Amino acid sequence: MKKIYLLALCLYLFLDKSFAQPDPPADTLITTKHSTTIKGSKITYNTSIGMQPIWNEEGKAIATVNYTYYERSDISDKKQRPLVISFNGGPGSASLWMEIGYTGPRILTLDDEGYPVQPYGEMRDNPYSILDVADIVYVNPVNTGYSRILDKKTDKSLFFGVNADIKYLAAWLNTFVTRINRWQSPKYLIGESYGTTRVSGLALELQDAQWMYLNGVVLVSPTDLGLKREGPVDIALRLPYFAATAWYHKALGSDMQQKDLDQLLPEVEKFTMNELLPAVTRGGSLPLTDKQQIASKMAQYAGISEKLILQNNFDISTQFFWKELLRDRGLTIGRLDSRYLGKDKKDAGERPDYNAELSSWMHSFTPAINYYVRNELNFKTDVKYNVFGSVYPWDRNNDHTGNDLQQAMAENPYLHVMVQSGYFDGACDYFNAKYNLWQMDPVGKFQARMSFKGYRTGHMIYMRQVDLEKANDDLREFIANSTVKKGIPAKY
């Protein structure tokens, strides 16, 4: 009920004319010059922030999409210079998270563990940015960032849905790549959270509808990509995430707690697939002694009581886990990053009152992006920057993006895929991300072009200093390994 009320309130504020915002210009561009040091080397670059239209069949601009494009200015030949196209998720989220948190040359100031520090909104150079090896564009889909529908009579279903989103963004990217003259460059898509649904579908749409072929797709904290997991599979796959989080909060028994995470998780994954999944599948036919044995072992890994596990028939929801794990300490844990702690009004209950991590991020990233675009990038506007914008109702029907990505790989021998996941992400957990790769390639034909990277952080894998460096280095390696040398034919 609370979620329904908040959604209704957001829709009211968005639609009520008394809160109307001015429309942005349909087509504009501001470019500024900068320099920074990345991996010990000084580089110069241009930053272009602007709006690019979306046209209807009559050539009328019905919407405009906001983007920020970072391009090294000390490299003249762009033919071999990779272009990375970056999206965040939501689906109503702007792309600020990865722009000023992960791959961009300027990022939000955080402490070493990734917690925002006061005064909020301060920026610093990113010494690990991938701008040294690739140019980057951060795209804000319609109603995020400064992107807006311009023709109020336009049917919103043209933009707000799994497949509609993919279709219009693919056409928009065709125009963008043409404008910056980068058709010959190696091209990469990177998406975070729902952005992984977006880029998985875009990989095939760009090939089949825009004739634009990619070298790589990076999935950061991926969704289920339309690959269904129901019943026993859904229940069982949560356990490795539970174990990682319980280990982080020192909520396991001494025998489990003393193991390093790299030692513990393979053990939990093996138990999940070989024992827990078959046990949950058997349901009431499982003998009581076997049921108790499985529940006991699950309790050792998850850090919650065997009794609770049996009472729930092994089906421990993530919401209940966030409330239960540290209940005896009077604390809840975060959803997107379960390292974060919260305090509820009551210790009783089935789920936390709020998302501790999102509250922290919103009041630190929001002032940073608003100050940055206006003062450092010189983009002056009265249009509100939508960190989260209304994109409802969002049509989630016919989501086959995981299979689309597999088909794109089949059609394009150059296309590589990398997954980056945080072990403490409770929204898009790392073991479900592995499951995606297994189901996308059930026979194992594409294993040489698929890779998985895990980090000791949450949904935003780049928040911790050590993981910010490691994740960007993993991107560098991925780009280097998937950028094909001149003269190599595209064939199996």
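What counts and how
- Residues numbered from 1 in each chain as written.
- Predicted model: local features only at pLDDT ≥ 70, side-chain atom pairs only at ≥ 80, totals over all residues.
- Heavy atoms only, no water.
- Helix = DSSP H or I, 4+ residues; strand = E, 2+ residues; numbered from the N terminus.
- Rg over C-alpha atoms; globule rule 2.2 N^0.38 Å.
- Buried < 20%, exposed > 50% of the residue type's maximum accessible area, 1.4 Å probe, protein only.
- Areas by Shrake-Rupley, 256 points an atom, 1.4 Å probe, with all protein chains shown as cover.
- Lys, Arg positive; Asp, Glu negative; His and termini not counted.
- Charge placed at Lys NZ, Arg CZ, Asp CG, Glu CD.
- Phe/Tyr/Trp six-rings, centres within 6.5 Å; stacked < 30°, edge-to-face > 60°.
- Lys NZ or Arg CZ within 6 Å of the ring centre and 35° of its normal.
- Pairing = 2+ DSSP bridges.
- Salt bridge = Lys/Arg side-chain N within 4 Å of Asp/Glu carboxyl O.
- Core = buried A, V, L, I, M, F, W, Y, C linked by side-chain atoms within 4.5 Å.
- Contact = heavy atoms within 4.5 Å.
- Axes fitted to C-alpha atoms, helices over the stretch in contact; angles between N-to-C directions.
- Parallel < 35°, antiparallel > 145°, perpendicular 65-115°, else oblique.
- Left-handed = near helix turned anticlockwise from the far one by under 90°.
- Nonpolar A, V, L, I, M, F, W, Y, C, P; charged D, E, K, R; others polar.
- Polar contact = N/O pair within 3.5 Å; in protein donor to acceptor, adjacent residues only side chain to side chain.

Points about the overall build of the chain
A count of helices and strands for the chain gives 15 helices and 14 strands. The globule rule puts the C-alpha radius of gyration for 492 residues at 23 Å, and the 23 Å found for the chain is close to it. When its C-alpha atoms are laid out on the principal axes, the chain stretches across 70 × 60 × 45 Å. Across the 492 residues that make up the chain, the buried fraction comes to 56%. Accessible surface, the chain as shown: approximately 21,200 Å² in total, 52% of it carbon and sulfur. Of the side-chain charges in the chain, 56 are positive and 56 negative, and the distance between the mean point of each set is 2 Å.

Quick look at the packing of aromatic side chains
Tallied over the entire structure, the rule returns 27 aromatic pairs. Taking the centre distance of 5.2 Å and the plane angle of 85° together, the rings of Y146 and Y385 count as edge-to-face. With Y146 in the loop between strand 7 (135-140) and strand 8 (148-149) and Y385 in the loop between helix 12 (356-376) and helix 13 (401-411), this pair connects stretches of sequence that are 239 residues apart. Among the residues examined, Y146 registers a relative accessible area of 1% and is labelled buried. On the accessibility criterion, Y385 (6% relative accessible area) is buried. Between Y423 and Y430 the ring centres are 5.0 Å apart and the planes differ by 90°, which places this aromatic pair in the edge-to-face class. We note that Y423, like Y430, is buried. Put simply, the rings of Y423, Y430, F431, Y435, W438 and F452 touch in pairs and so form one group of aromatic residues. Lying across the ring of F452, K434 places its NZ or CZ 5.1 Å from the centre.

A look at the pairing of strand 2 (residues 41-55)
Extensive coverage of strand 2 is indicated by the burial of eleven of its 15 residues. The pairing of strand 1 (residues 28-38) with strand 2 spans eleven bridges and is antiparallel. If you follow I30 over to strand 2, its bridge partner there is I49. The antiparallel hairpin formed by strand 1 and strand 2 contains two residues in its connecting segment, where K39 sits at a positive phi of about 55°. With eleven bridges joining them, strand 2 and strand 3 (residues 61-72) adopt antiparallel strand pairing. In the sheet register, P53 faces strand 3, and the bridge partner there is T64. Between strand 2 and strand 3, which pair antiparallel in sequence order, lie five residues; one of them, G59, sits at a positive phi of approximately 80°.

Let's talk about the pattern of salt bridges
Considering all chains together, one arrives at 29 salt bridges under this definition. Ionic pairing is found between E71 and R182, a salt bridge with its closest N-O pair at 3.8 Å. In this pair, E71 is assigned in strand 3 and R182 in the loop between helix 3 (162-179) and strand 9 (187-192), connecting sequence segments 111 residues apart. Two residues, D234 and R238, come together in a salt bridge whose shortest N-O distance is 3.0 Å. Given a relative accessible area of 11%, R238 falls into the buried group. Within the structure, one salt-bridge network assembled from shared partners comprises E71, K78, R81, D135 and R182.

Quick look at the nonpolar core
Counting 53 residues, the largest nonpolar core has Y102, F365 and Y462 as its most contacted members. Looking at this core, the elements that each hand over two or more residues are strand 2, helix 2 (96-99), strand 5 (106-108), strand 7, strand 9, strand 10 (216-220), helix 12 and helix 15 (465-482). Ranked by residue count, the leading element in this core is helix 12, at seven residues. Sequence-distant contacts of Y462, defined by excluding residues within four places in its chain, comprise W97, M98, G101, Y102, E192 and L468.

Some words on the packing of helix 8 (residues 261-282) against helix 14 (residues 430-440)
Look at helix 8 against helix 14: their axes get within 12 Å of each other, and the N-to-C directions meet at 60°. Between helix 8 and helix 14, the crossing angle belongs to the class labelled oblique. The element helix 8 and its partner helix 14 pack so that their crossing is right-handed. On helix 14, the residues that touch L265, E269, T272 and M273 of helix 8 are Y430, F431, K434 and W438. For the contact of helix 8 with helix 14, a count of residues per class yields five nonpolar, one polar and two charged.

Some words on the packing of helix 6 (residues 239-248) against helix 8
The angle between the axes and the distance between the axes are what describe a pair of packed helices. At a minimum axis separation of 9 Å, helix 6 and helix 8 run at an interaxial angle of 150°. With respect to helix 8, the element helix 6 is oriented roughly antiparallel. Viewed along their axes, helix 6 and helix 8 form a crossing whose handedness is right-handed. Contacts between helix 6 and helix 8 involve L239, P240, A243, A244 and W247 from the former and L261, L264, L265, V268, E269, F271, T272 and L276 from the latter. Split by residue class, the contact of helix 6 with helix 8 holds eleven nonpolar, one polar and one charged.

Examining unusual backbone geometry
The linkage connecting G90 with the following residue, P91, adopts the cis geometry, with an omega of 20°. Structurally, the position occupied by P91 is in the loop between strand 4 (83-87) and helix 2. Positive phi values are uncommon outside glycine, yet L225 reaches one of about 55°. Mapped onto the fold, L225 is located in the loop between strand 10 and helix 5 (232-236). For L225, a relative accessible area of 0% gives the class buried.

Overview of the environment of D473
Topologically, D473 is positioned in helix 15. Overall, D473 belongs to the partly exposed group, its relative accessible area being 26%. Along the sequence, D473 and I130 sit 343 residues apart, while their C-alpha atoms lie 8.0 Å from each other.

Focus: helix 14
Most of helix 14 sits inside the fold, with eight of its eleven residues counted as buried. Y430, F431, N432, A433, Y435, N436, L437 and M440 are the residues of helix 14 that are buried. Lining the buried residues of helix 14 we find helix 5, helix 6, helix 8, helix 13, strand 13 (416-422) and strand 14 (450-455). At the N-terminal boundary of helix 14, the capping side chain belongs to D429, with an oxygen 3.1 Å from the backbone nitrogen of F431.

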